Each structure stands twice: as structure tokens, then as C-alpha cells.
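For reference, the chains in residue letters:
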Amino acid sequence: MQLLDGKIVSQAVKADIKHQAQLLQQAGKKTPHLAAVLVGTNGASETYVASKVKSCAEVGFKSTLIRLEENISETELLSTLEKLNQDDDIDGILVQLPLPRHIREEKVINAILPEKDVDGFHPVNTGRMVQGQPSFIPATPYGIMLMLEHYQIETAGKHAVVIGRSNIVGRPISILLSLNTNPGNCTVTVCHSRTANLKEICLQADIIVAALGKPGFLTADMVKENAVVIDVGITRVADATKRTGFAIKGDVDFEAVAPVCSYITPVPGGVGLMTIAALLKNTLRAVEFKS
Ligand code: NAD
């Protein structure tokens, strides 16, 4: 079994991004600039946004963090986004999800200019991705593809089973794995909460992407010998032995599954780190698309 190490791959991707950003500057182009919008004070969202901002500095990007009150109106949030859309110095805009319940996520996603939508959630980017056209690819699936690419994992002709069909992980990774690309060219089965015989389907998989948000869900008896297992899950589970009071758990029963597979991502230290690297890559591409 080989560990797919998000730390090693994300550092390699970030080093390359830093180099590309320097080349842009030498060519007289602008410094990539990401605007991150955080509504409210959700603990996990605070952590994610802080690490995105920190990672921008690491690769030499500019970043602007816009903090808005939990009770901001949808109209006010939309007008903030409109200003960012109009600001020529801002290349990428992300709004940290989830949003407070009184704000419609779909409205907000649709309000970001597709050419600044570095989270890749706008329907224009989704449509372009489905057709295999250049687009911003949602950061987590993009991070998974970068990881498969880094480890040169053979995907063509393989059966990939994706557990989860969300717009941000399950559905886009299922599409990316099915495209005529490398990595890609998989035969993909998408499973979800209404799937019957999930265990039998998983046992047929050469590659399993677990993205359902249920800690330890994928057990060893669901995994074929030598399968590749990608664990996307991030769930905070109470743990009194931790300083924070919680531990981060993935969707895979790692201890039991690891000995069965050929490759596996750990949690933490796997896909989560790749997500930020992929976001930075999208931000760099936002500048490159302009030139
Ligand atoms: P979601 O809640 O939007 O979607 C979960 C999906 O799992 C749904 O499509 C549902 O049909 C499916 N599902 C639920 N129970 C199931 C079951 N018993 N059997 C089969 N399918 C089932 O979640 P999401 O936003 O896609 O996130 C999934 C997980 O990935 C969460 O733990 C989330 O925290 C994590 N996540 C991690 C990253 C990262 O950077 N690593 C990024 C995004 C999400």
C-alpha cells in the first residue's frame, strides 16, 4: 500500500504555482489577487479561509479577506460581489460556504463572474467542464485529479465508484474521471444515499472516491484487493484528547482499509491539502486566461 501524500503533492504544486507567478511578473503581468468573502463566524469556515489567505502569501499572490456580519442581507452580499466583479485588480473571487440560511447559495454563486469564479461553482464553468472545455474546476475534484496525475495512477479503462453526488465534490469528480483525458477515461458509477447494493458496487471498483461525510463509512469488506481509495470526507468528531476538543475523520475506515488497497489518501493530510493547492492553481489560471 502506498500513501497518497497531500502534503508532498500540494507542496510540489504550490512550488510550481509560485514559479509561474514569478514568470508572470517578469513578463510584466499582474500579481494574482484572490478575494475571499467570509460571512459570519463559523469555526470551520474561519479555519478554511485563514489557510487559503495564508497559502496565497506562500506562493506570492495578493489576497483580500472580506468579512461580513452573519446577518448581512442577500442584497448587500450581492452588491459586495458586484464590486469585486468590477474591480480589475481582483482575479479570483470565492465566497466561503456554507452561507447563513437566509441567503440563497445559488443566487450568490450565479452572481460571481464566471471568469473570476475560481471555486468553479458557476453553471457556466460546470457546463464548460462537462464538455471538456477550459474552465475553472471545483477545487476538491481538481485537487484529486492533480494527485492522481502526480502519482501517475493508471485510470484509463478502470471502474471508478464515486460515493456522493454533491455539486462541489461527487458530481464533478465523476465527470472529470469519465472525460477523455489523463487522468480520466474511467467507467464511472455514481452512488448516493438512495443507491441499492452499495457494497456490491464498491467491491467492483478499481478506484473509490468516498465523498459522503460519514466518518469511517467505507469499511474493508467493501474494498477490492489493490483498489485505489480516495477519502474526501472531513468530519469533526468530539475527541477529549485533542487540544481543540475534536478530531478530523474521513469517510474511510483507514486502519482496516489501508492494508487492502494499492493507494490510499490519509485524513488529514490527503485531499484537504490538495483542495487549497487547486484553488491557487485556478487563481493563477484566472490571470493566464486574461493574457
Ligand atoms: P454533501 O452532504 O453535500 O453530499 C453528501 C453526498 O453523500 C450526497 O450526495 C448523498 O447522496 C451521499 N450520501 C449520504 N449518505 C450516503 C450513504 N449512506 N450512502 C451513499 N451515499 C450517501 O457533502 P459534500 O459537500 O459533497 O462533502 C462530502 C464530504 O467531503 C464531507 O465530509 C465534507 O466535509 C468533505 N469535503 C471535503 C473537502 C476537502 O477539501 N477535502 C471539500 C469539500 C467537502
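Please refer to the structure higher up on the page.
These remarks concern the structure in this document.

**Comments concerning empty space enclosed by the protein**
For step 1, the next point in the chain: Tallied over the entire structure, the rule returns 1 cavity of 30 Å³ or more.
For step 2, the next point in the chain: Volume-wise, the largest cavity comes out at about 60 Å³.
For step 3, the next point in the chain: Mapped onto the lining of the largest cavity, the elements with two or more residues apiece are strand S4 (92-95) and helix H4 (105-111).
For step 4, the next point in the chain: A total of 3 residues in the lining of the largest cavity trace back to one element, the largest contributor, which is S4.
For step 5, the next point in the chain: Of the residues belonging to the lining of the largest cavity, the class tally is 8 nonpolar, no polar and 2 charged.

**What to know about the sheet that holds strand S6 (residues 187-191)**
For step 1, the next point in the chain: The 6 strands lie next to each other as S1-S11-S8-S7-S5-S6, forming an open sheet whose pairing is parallel. The strands lining the two open edges of the sheet, one partner per strand, are strand S1 (2-3) and S6.
For step 2, the next point in the chain: Strand direction decides the pairing type here: S1 and strand S11 (residues 263-264), joined by 2 bridges, are parallel. If you follow leucine 3 over to S11, its bridge partner there is isoleucine 264.
For step 3, the next point in the chain: The sheet strands contacting helix H7 (residues 170-178) are strand S5 (159-163), S6 and strand S7 (207-210), and the helix crosses S5 at an angle near 170°.

**Focus: the site of the ligand**
For step 1, the next point in the chain: The full set close to the ligand counts 22 residues, and Arg165, Ser166, Ser193, Ile234 and Thr275 are the nearest of them.
For step 2, the next point in the chain: Backbone polar atom of arginine 165 to an oxygen atom of the ligand: 2.9 Å apart, as the coordinates give it.
For step 3, the next point in the chain: In isolation the ligand has 860 Å² of accessible area, and contact with the protein removes 73% of it.
For step 4, the next point in the chain: With 3 residues, helix H10 (residues 271-290) is the single largest residue contributor to the shell around the ligand.
For step 5, the next point in the chain: Counted by class, the shell around the ligand contains 10 nonpolar, 10 polar and 2 charged residues.

**With respect to the pairing of strand S3 (residues 62-68)**
For step 1, the next point in the chain: Sheet analysis places strand S2 (residues 33-39) next to S3, joined by 7 bridges and oriented parallel. Bridge pairing links histidine 33 to lysine 62 in S3.
For step 2, the next point in the chain: After leaving S2, the chain enters helix H2 (residues 43-58) and then returns to the sheet as S3, a path that is right-handed.

**Some points on the pattern of salt bridges**
For step 1, the next point in the chain: Per the counting criterion, the structure on display carries 8 salt bridges.
For step 2, the next point in the chain: Among the salt bridges present, the one from glutamate 46 reaches arginine 67, with a minimum N-O distance of 2.7 Å. Highlighted residues: glutamate 46 in helix H2 and arginine 67 in strand S3, separated in sequence by 21 residues.
For step 3, the next point in the chain: For lysine 62, the salt bridge identified is with aspartate 89, shortest N-O distance 2.7 Å. With a gap of 27 residues between them, lysine 62 in strand S3 and aspartate 89 in the loop between helix H3 (74-86) and S4 connect regions that are remote in the sequence.

**Structural notes on the sheet that holds S4**
For step 1, the next point in the chain: As summarised here, the arrangement of the 3 strands in space is S3-S2-S4, forming an open sheet in which the pairing is parallel. For this open sheet the edge positions go to S3 and S4, each flanked by a neighbour on one side alone. Shown here is a sheet whose adjacent strand axes are inclined to one another by a mean of 15°, direction ignored.
For step 2, the next point in the chain: The strands touched by H3 are S2, S3 and S4; relative to S2, the strand with the most contacts, the crossing angle is about 175°.

Rules used throughout
- Residues numbered from 1 in each chain as written.
- Predicted model: local features only at pLDDT ≥ 70, side-chain atom pairs only at ≥ 80, totals over all residues.
- Heavy atoms only, no water.
- 1 Å grid on protein atoms, 1.4 Å probe; cavity = no way out; pocket = protein on both sides within 12 Å on 5 of 7 lines; lining within 4 Å.
- Points joined across faces, edges and corners; volume = space filled by probe spheres on them.
- Helix = DSSP H or I, 4+ residues; strand = E, 2+ residues; numbered from the N terminus.
- Nonpolar A, V, L, I, M, F, W, Y, C, P; charged D, E, K, R; others polar.
- Pairing = 2+ DSSP bridges.
- Contact = heavy atoms within 4.5 Å.
- Axes fitted to C-alpha atoms, helices over the stretch in contact; angles between N-to-C directions.
- Near = heavy atom within 4 Å.
- Polar contact = N/O pair within 3.5 Å; in protein donor to acceptor, adjacent residues only side chain to side chain.
- Areas by Shrake-Rupley, 256 points an atom, 1.4 Å probe, with all protein chains shown as cover.
- Right-handed = clockwise from strand over helix to strand, strands pointing away.
- Salt bridge = Lys/Arg side-chain N within 4 Å of Asp/Glu carboxyl O.

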